[in-house]
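What follows is each chain in one-letter form.
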Amino acid sequence: MQYQDGRWQIGGLDMAELAEQHGTPLYVYDSSIIERQVTRFQNAFSSFDHRIFYAMKANSNQDLLALMKKLDVGLDAVSIHEVRIGLEAGFSADNIIFTPNGVPFDELEQAIELGARLNIENLSYLEKLGEAYRSDVPCTLRVHPGLVLPNASRDATGWYQRSRFGIDRKQLEEARRIIDLHGIRVEGLHIHSSSIILDEAVFGTVAEVLLDLARDLPDVRILDLGGGVRPPYQPDDDHPDLDALASCLQEPLEHFEQQTGRKLQLWFEPGRYLVAESGVLLTRVNVLKEVGGRSVAGVDTGFHQLIRPKLYDAWHEVRNISNPDGPKQVIDICGCLCEEDDLARQRSLPEVREGHLLAILNAGAYGYSMASTYNSRPLPAEVMV
Ligand code: LLP
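Owing to the predicted nature of the structure, the values given are computational and were not obtained by experimental measurement.

Draft legend 1. View of the overall build of the protein chain. Of the regular secondary structure elements, the protein chain holds 12 helices and 19 strands. Against the globule reference of 21 Å for 385 residues, the protein chain gives a C-alpha radius of gyration of 23 Å, in line with a compact fold. The dimensions of the protein chain, computed from C-alpha atoms along their principal axes, are 70 × 40 × 40 Å. Within the protein chain, the proportion of its 385 residues that are buried is 55%. A separation of at least 24 residues holds for 69% of the contacts in the protein chain among residues at least 6 apart in sequence. A total of about 16,900 Å² of accessible surface is found on the protein chain, and carbon and sulfur atoms cover 45% of it. In the protein chain, 37 side chains carry a positive charge and 57 a negative one; their mean positions are 2 Å apart.

Here's what the structure looks like:
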């Protein structure tokens, strides 16, 4: 969003007018930001044979998916419903990876029928896949990271160890037995990293772990590093630099190619990196009050429509669209649900009055897609500009 001629705009459109036209609360996505982010990602890895599969759990808005398709990005889906939504949006099945966990095997069978790619994360699915399809249906294997990272933060190491996803490395021998028994074609190896990982070198370590395993699996030609690349959520936010990340991968991949004669294709499944910054949630201030020593602006959205502050203590910048040049005041922005519903605390904003329009930024990823109808409120509208 830009401040121009005394007004806040998004994609060249006046935000106050958008709110008038469509009502609030309203999610607005700026397609030019998505294009910028996809281009940044593609450019950073242009020296690799690489493919991007957008993690559609971040936001599966139909117009947004149509844009991703136009930008030649595939999809990462985690439910059979996402697979079907992707197909309806015009993606070909071989451009959709399906990474389920805990779902009945029947969902995998449906995905196979539809032609989607499979990413297998446990021995139970692997066994069933082998028994039913033998070598007919190739898959990638999701490996449990279980990393000890000497130079990384405790949070990062803890995350890799606590993760419940993927096949534990202690069980890889058993996985190997199942693969050999049924002749399963394992085409690729996968580890997804959390967006709490800020150090690019960690992605290099993850690649080395996978490459080590790939040596003994002759059909492997894909290295899938998942998502978890974080864009900045505020101006000074620490986040991985894509060029630095790419250079951490260069050496291990070249080394593997020299040793084995196999050139691997690099896959990524970014979600938030591609869409978080494109979205704002517009909300109207309906009530101002002083209570319990706090100044509170009560707005017409809440954690039913943006759960990240409540669930993860996530920080989303808030701007006062209606009074851009007003004197600053410190205020809490609270949602309209009947329980603790703080969207932003102690923010210094241009003076807020009842009727003002606020924008909550970086709401393009895991905003609408995690929204619910709690308090029996309908879902908000979405527009793409
Ligand atoms: N691939 C796999 C296998 C994943 O599990 C995920 C996210 C992604 C890709 C995309 O990750 P991203 O690039 O968006 O970080 N609701 C949380 C995020 C949950 C992410 C779960 N997995 C949030 O609002 O921060």
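Alright, that's what it looks like, and here's the rest.
Draft legend 2. How the structure looks around the site of the ligand. Lining the immediate environment of the ligand, one finds 15 residues, of which Gly228, Glu269, Arg308, Tyr312 and Tyr366 sit closest. With respect to the ligand, the side chain of Lys57 contributes an N or O atom lying 3.4 Å from an oxygen atom. Take Gly271: an N or O atom from its main chain is 2.9 Å from an oxygen atom of the ligand. For the ligand, whose free accessible area comes to 580 Å², the fraction covered by protein is 86%. For the ligand, the cavity whose grid points lie within 2 Å of the majority of its atoms is the largest pocket. Tallied by class, residues from the shell around the ligand come to 5 nonpolar, 4 polar and 6 charged.

Draft legend 3. The nonpolar core, seen in detail. Counting residues in each nonpolar core, the largest one holds 85 residues, and the members touching the most others are Phe45, Tyr54, Met68, Leu118, Leu129 and Leu249. Here the element with the most residues in this core is helix H9 (residues 200–214); it accounts for 8 residues. Residue-level mapping places this core at the junction of two domains, with at least three residues from each of domain 1 (2–29 + 276–384) and domain 2 (32–272). Once you skip the residues sitting within four places of it in the chain, Tyr54 turns out to touch Asn59, Leu64, Leu65, Met68, Val73, Gly74, Leu75, Asp76, Pro270, Gly271, Leu274 and Val275.

Draft legend 4. Broad picture of the environment of Pro231. Relative to the elements of secondary structure, Pro231 occurs in the loop between strand E11 (222–224) and helix H10 (242–260). Given a relative accessible area of 0%, Pro231 falls into the buried group. Considering only alpha carbons, one finds Pro231 and Tyr273, 42 residues apart in sequence, at a separation of 5.1 Å. Residue contacts for Pro231: discarding those within four places in its chain leaves Gln37, Asp237, His239, Arg272, Tyr273, Ala276 and Glu277.

Draft legend 5. Broad picture of the pairing of strand E13 (residues 279–291). Inspection of the sheet shows strand E4 (residues 26–29) paired to E13 by 4 bridges, in the antiparallel sense. What sits directly across from Tyr27, in E13, is Leu281. Bridge analysis of E13 against strand E14 (residues 294–299) gives 6 bridges, and the strand direction is antiparallel. Across the sheet, the residue bridging to Val287 is Gly298, located in E14. Between E13 and E14, which follow one another and run antiparallel, lie 2 residues, and Gly292 among them has a positive phi close to 55°.

Draft legend 6. Structural detail: the sheet that holds strand E7 (residues 96–98). If you walk around this closed barrel you meet the 8 strands as E5-E6-E7-E8-E9-E10-E11-E12, and the pairing is parallel. With strand direction ignored, the average angle separating the axes of adjacent strands in the sheet is 25°. Examined bridge by bridge, strand E9 (residues 139–142) and strand E10 (residues 186–190) share 4 bridges and lie parallel to one another. From the neighbouring strand, Leu141 faces E10, where its bridge partner is Leu189.

Draft legend 7. Structural context of empty space enclosed by the protein. The tally for this structure, following the rule as stated, stands at 1 cavity of 30 Å³ or more. Quantified by volume, the largest cavity comes out at close to 30 Å³. Taken together, Leu306, Pro309, His316, Val318, Leu343, Ala344 and Ile360 make up the lining of the largest cavity. For the lining of the largest cavity, a count of residues per class yields 6 nonpolar, 1 polar and no charged.

Draft legend 8. Region of the structure containing the sheet that holds strand E3 (residues 13–14). On the basis of which strands lie adjacent, the open sheet formed by 3 strands has the order E1-E2-E3 and antiparallel pairing. Lying at the two open borders of the sheet, with one neighbouring strand each, are strand E1 (2–4) and E3. Pairing of strand E2 (residues 7–10) with E3, which is carried by 2 bridges, proceeds in the antiparallel orientation. Looking across to E3, one finds that Gln9 is bridged to Asp14.

Draft legend 9. Seen up close, the packing of aromatic side chains. This structure, assessed with the given rule, holds 12 aromatic pairs. Between Trp159 and Tyr160, the ring centres sit 5.2 Å apart and the planes meet at 75°, which makes this aromatic pair edge-to-face. Taken as a pair, Trp159 and Tyr160 share a single burial class, namely buried. Pairwise contacts between aromatic rings join Phe41, Phe45, Phe48, Phe268 and Tyr273 into one cluster.

Draft legend 10. Spotlight on the domain arrangement of the protein chain. Split by domain assignment, the protein chain resolves into domain 1 (2–29 + 276–384) and domain 2 (32–272). At the interface, 16 residues of domain 1 touch 16 residues of domain 2. On the domain 1 side of the interface with domain 2, the three residues burying the most area are Glu277, Tyr366 and Met384, jointly 40% of the side's total. Linking domain 1 with domain 2 are 1 salt bridge. Where domain 1 touches domain 2, the interface holds 9 residue pairs in polar contact (both at pLDDT 80 or more). Here the side of domain 1 that touches domain 2 is built from residues that sort into 6 nonpolar, 6 polar and 4 charged.

Reading the values: rules and limits
Residues numbered from 1 in each chain as written. Predicted model: local features only at pLDDT ≥ 70, side-chain atom pairs only at ≥ 80, totals over all residues. Heavy atoms only, no water. Helix = DSSP H or I, 4+ residues; strand = E, 2+ residues; numbered from the N terminus. Rg over C-alpha atoms; globule rule 2.2 N^0.38 Å. Buried < 20%, exposed > 50% of the residue type's maximum accessible area, 1.4 Å probe, protein only. Contact = heavy atoms within 4.5 Å. Areas by Shrake-Rupley, 256 points an atom, 1.4 Å probe, with all protein chains shown as cover. Lys, Arg positive; Asp, Glu negative; His and termini not counted. Charge placed at Lys NZ, Arg CZ, Asp CG, Glu CD. Near = heavy atom within 4 Å. Polar contact = N/O pair within 3.5 Å; in protein donor to acceptor, adjacent residues only side chain to side chain. 1 Å grid on protein atoms, 1.4 Å probe; cavity = no way out; pocket = protein on both sides within 12 Å on 5 of 7 lines; lining within 4 Å. Sits in = over half its atoms within 2 Å of the grid points. Nonpolar A, V, L, I, M, F, W, Y, C, P; charged D, E, K, R; others polar. Core = buried A, V, L, I, M, F, W, Y, C linked by side-chain atoms within 4.5 Å. Domains from an automatic or database assignment. Pairing = 2+ DSSP bridges. Axes fitted to C-alpha atoms, helices over the stretch in contact; angles between N-to-C directions. Points joined across faces, edges and corners; volume = space filled by probe spheres on them. Phe/Tyr/Trp six-rings, centres within 6.5 Å; stacked < 30°, edge-to-face > 60°. Buried area = accessible area lost by both parts, 1.4 Å probe. Salt bridge = Lys/Arg side-chain N within 4 Å of Asp/Glu carboxyl O.

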